[in-house]
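Observations on chain architecture
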Amino acid sequence: MNFYRTTRLMLSSAAFLSLAGSAFALDGADLLKKLNAAYAAQGGTISADSVDIDGTTATLKNVSVKSAGGESLAVGEVTLSGVEEDEDGGYYIEEAAFPDINTTKDGVTVTAQELTLGGISIPATPGGDTLDTMMLYETAHTGPLKVVKDGAELFSVLESDVNLTLREDESGFDFDGAFKSMKADLSKAEDPQSKDAIEKLALQHIQGDITMKGAWELAPGTIDISEFAFDFTNIGKLNLGFKISGYTMAFVKSLQDAMKQSEANPNKEESQQALGLAMLGLMQQLSFEAAQVRFEDASITKRALDYAGSQQNISGKQMADSLKAMTPIMLAQLNIPELQNAISAAVNTFLDDPKSLTVKAAPEKPVPFPTIVGAAMGAPNTLPQVLGVKVTAND
C-alpha cells in the first residue's frame, strides 16, 4: 500500500511540474509583439515569420528590420537566449545572437562575425519618458569585420565592444566603446594625385583604434562625452569631447514622437520640413556646457608640411614659417583680437615642435543653444567670448 501511495504521489508531482512548466512557458507571440512595440517607439519595425521556443531560448525566423526613414533590411535567424518575463510583463534577454554578414555588391564583399547584444530589457509598455518604458541593452559586440575588393582587403576591424552601465541609484548611465585594431589599405588608390599624396604622407597602410567614454545624467539631461578618440599609429591621436544639458528623458520622448510623425506622413517633402521645424524647437531645450578638440601628433605634421611645401617647391620648414606668418593675417578678418593672439601663439609653438594642439570651449555657465545661434547670426565675432574659447599648444 505504501508503495502505491508513493507511486501516486510521484506521478501527481510529475504532472504538477509538467503543468507548471506549461503555464510558465514563454509566449513567443507576446515576446515578439513587445519587442516590436519597443522598437516602434524609436520609429522602426521588426518582423519575423515565426518564433520557436525551447525553454528560455527563443529563435526568431526570417527576421527583417526597418529603421525610421530607412529601407527594410533582411537579418535572418536571430537567437534570443536566457529570456525571462518580468513581473510587470516586460522581458529580459541575456543575449541576442545575430547571423554573420556576408554580402557582395559591385565587386565589394563585406563580412562580419560574432554579432551580439547582451542584457536587453524590453518594457511591457514602451513609449514613455521613464526608464522602465525604454528598450535598453548592456553590451554590444562584433567580431572581425572586413571589406574586400578583387581579393584585396581594403578595410578591417578586429572587434568592437560597447558597454552601457546603469548606475545603482538609476540617476544615469556610464558608457564606453572601442573599435579595436582598425586597418585600412590605401595603397590601391587609382587617382595619380591621391596616390602620390598617400605615398609621400606614408599613409598606404593605416592602423589604429577608436575609443569612446561618456556619461548621461538623466534628471538634468547632461550628456558628457569625455573621450571620442581616433588614435592611429604614426599619424596621431584626435580626441573630441563635449558636454550638453537638457537631453532629458522627456526630450528623448519628444524626439522619438517627432520622428514617428515624420515617418507616418506620406508627403515626404512636407514631413521633412515639419521634422526640421520640430528639431529647431527641441534644440531650444538644450544648453552648451563645454567642448574640447585635442590633437597629439605622432609624426604626421612634419610629413604634411614636407608634402605641402613640395607642392610649392619649398621645404617643410619654409612651409611652417609661411603658415606662421599667414595665421595672424587670416585671423584679423574675424575681429577677435584676444583669441587671435592666443591662436597665433599656439600655432607658432606647435609648428616649431609638433606635440599637441588643443581647442577648449568652457563658458562660466551653460549657454542655451538659441543664444549660440543668435550670436552666430548677429555677431559671430562674439562667439569665442560667449563660449569661453581657448587655444593652447604642447600642454
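Below is a summary of the structure that appears in this document. As the structure is a prediction and not an experimental result, all values here were calculated from the model.

What follows deals with the overall build of the protein chain. When helices and strands are counted, the protein chain shows 10 helices and 19 strands. Since a compact globule built from 395 residues should have a radius of gyration of about 21 Å, the 28 Å found for the protein chain marks it as more spread out than a globular shape. Projecting the C-alpha coordinates of the protein chain onto the three principal axes gives extents of approximately 105 × 50 × 50 Å. Across the 395 residues in the protein chain, those meeting the buried criterion constitute 33%. If you take every contact in the protein chain between residues at least 6 apart in sequence, the share linking residues at least 24 apart comes to 55%. Element-wise, carbon and sulfur atoms account for 57% of the exposed surface of the protein chain, whose accessible area totals about 23,100 Å². Seen as two clouds, the 30 positive and the 53 negative side-chain charges of the protein chain have centres 4 Å apart.

Here we come to the packing of helix 4 (residues 249–264) against helix 5 (residues 268–283). The contact between helix 4 and helix 5 brings their axes to 8 Å, and the two run at 170 degrees. Considering the angle they form, helix 4 stands roughly antiparallel to helix 5. Contact residues: Phe251, Ser254, Leu255, Ala258, Met259, Ser262 and Glu263 in helix 4; Lys268, Ser271, Gln272, Leu275, Ala278, Met279 and Leu282 in helix 5. Considering only residue class, the contact of helix 4 with helix 5 consists of eight nonpolar, four polar and two charged.

With that settled, the discussion passes to a negative patch on the surface. There is a patch of like negative charges on the surface, built from Asp27, Glu84, Glu85, Asp86, Glu87, Asp88, Glu94, Glu95, Asp132, Glu168, Asp169 and Glu170. Looking at the negative patch, the elements with two or more residues in it are strand 4 (72–85) and strand 5 (91–98). Mapped onto the elements of the fold, Glu170 is located in the loop between strand 11 (152–166) and strand 12 (172–185).

The subject of this paragraph is helix 2 (residues 28–40). For helix 2, spanning 13 residues, the distance from its first C-alpha to its last is 18 Å, which sits close to the expected 18 Å at 1.5 Å a residue. Looking only at helix 2, the buried set comprises Gly28, Asp30, Leu31, Leu32, Lys34, Leu35, Ala38 and Tyr39. Among the structural elements, strand 1 (45–47), strand 2 (50–54), strand 3 (57–66), strand 4, strand 5 and strand 8 (115–122) are those in contact with the buried residues of helix 2. You can read the cap of helix 2 off the contacts: a side-chain oxygen lies 3.1 Å from the backbone nitrogen of Ala29, and it is on Asp27.

The next subject is the pairing of strand 13 (residues 205–217). Direction of pairing for strand 12 relative to strand 13: antiparallel, over a ladder of 12 bridges. Across the sheet, residue Gly177 finds its bridge partner in strand 13, namely Met212. Connecting strand 13 to the antiparallel partner strand 14 (residues 222–232) that follows it, the hairpin turn spans four residues, and Gly221 within it adopts a positive phi of roughly 70 degrees.

With that settled, the discussion passes to helix 8 (residues 337–352). The end-to-end C-alpha distance of helix 8, which contains 16 residues, comes to 23 Å, matching closely the 22 Å that a straight helix rising 1.5 Å per residue would cover. Residues of helix 8 that are buried include every one of Leu339, Gln340, Ile343, Ser344, Ala346, Val347, Phe350 and Leu351, and no others.

The next point concerns the side chain of Ser156. Position of Ser156 relative to the elements: it lies in strand 11. Classification of Ser156 as buried rests on a relative accessible area of 8%. A distance of 3.1 Å separates a polar atom in the side chain of Ser156 from a polar atom in the side chain of Glu153. Not counting the four nearest positions on each side in its chain, Ser156 is found in contact with Leu145, Lys146, Ser181, Met182 and Lys183.

What counts, and at which threshold
- Residues numbered from 1 in each chain as written.
- Predicted model: local features only at pLDDT ≥ 70, side-chain atom pairs only at ≥ 80, totals over all residues.
- Heavy atoms only, no water.
- Helix = DSSP H or I, 4+ residues; strand = E, 2+ residues; numbered from the N terminus.
- Rg over C-alpha atoms; globule rule 2.2 N^0.38 Å.
- Buried < 20%, exposed > 50% of the residue type's maximum accessible area, 1.4 Å probe, protein only.
- Contact = heavy atoms within 4.5 Å.
- Areas by Shrake-Rupley, 256 points an atom, 1.4 Å probe, with all protein chains shown as cover.
- Lys, Arg positive; Asp, Glu negative; His and termini not counted.
- Charge placed at Lys NZ, Arg CZ, Asp CG, Glu CD.
- Axes fitted to C-alpha atoms, helices over the stretch in contact; angles between N-to-C directions.
- Parallel < 35°, antiparallel > 145°, perpendicular 65-115°, else oblique.
- Nonpolar A, V, L, I, M, F, W, Y, C, P; charged D, E, K, R; others polar.
- Patch = residues over 30% accessible without salt bridge, like charges linked within 9 Å, V, L, I, M, F, W, Y side chains within 5 Å.
- Salt bridge = Lys/Arg side-chain N within 4 Å of Asp/Glu carboxyl O.
- Expected span 1.5 Å × (residues − 1).
- Polar contact = N/O pair within 3.5 Å; in protein donor to acceptor, adjacent residues only side chain to side chain.
- Pairing = 2+ DSSP bridges.

Such coordinate-based values are descriptive only and should not be taken to indicate function.
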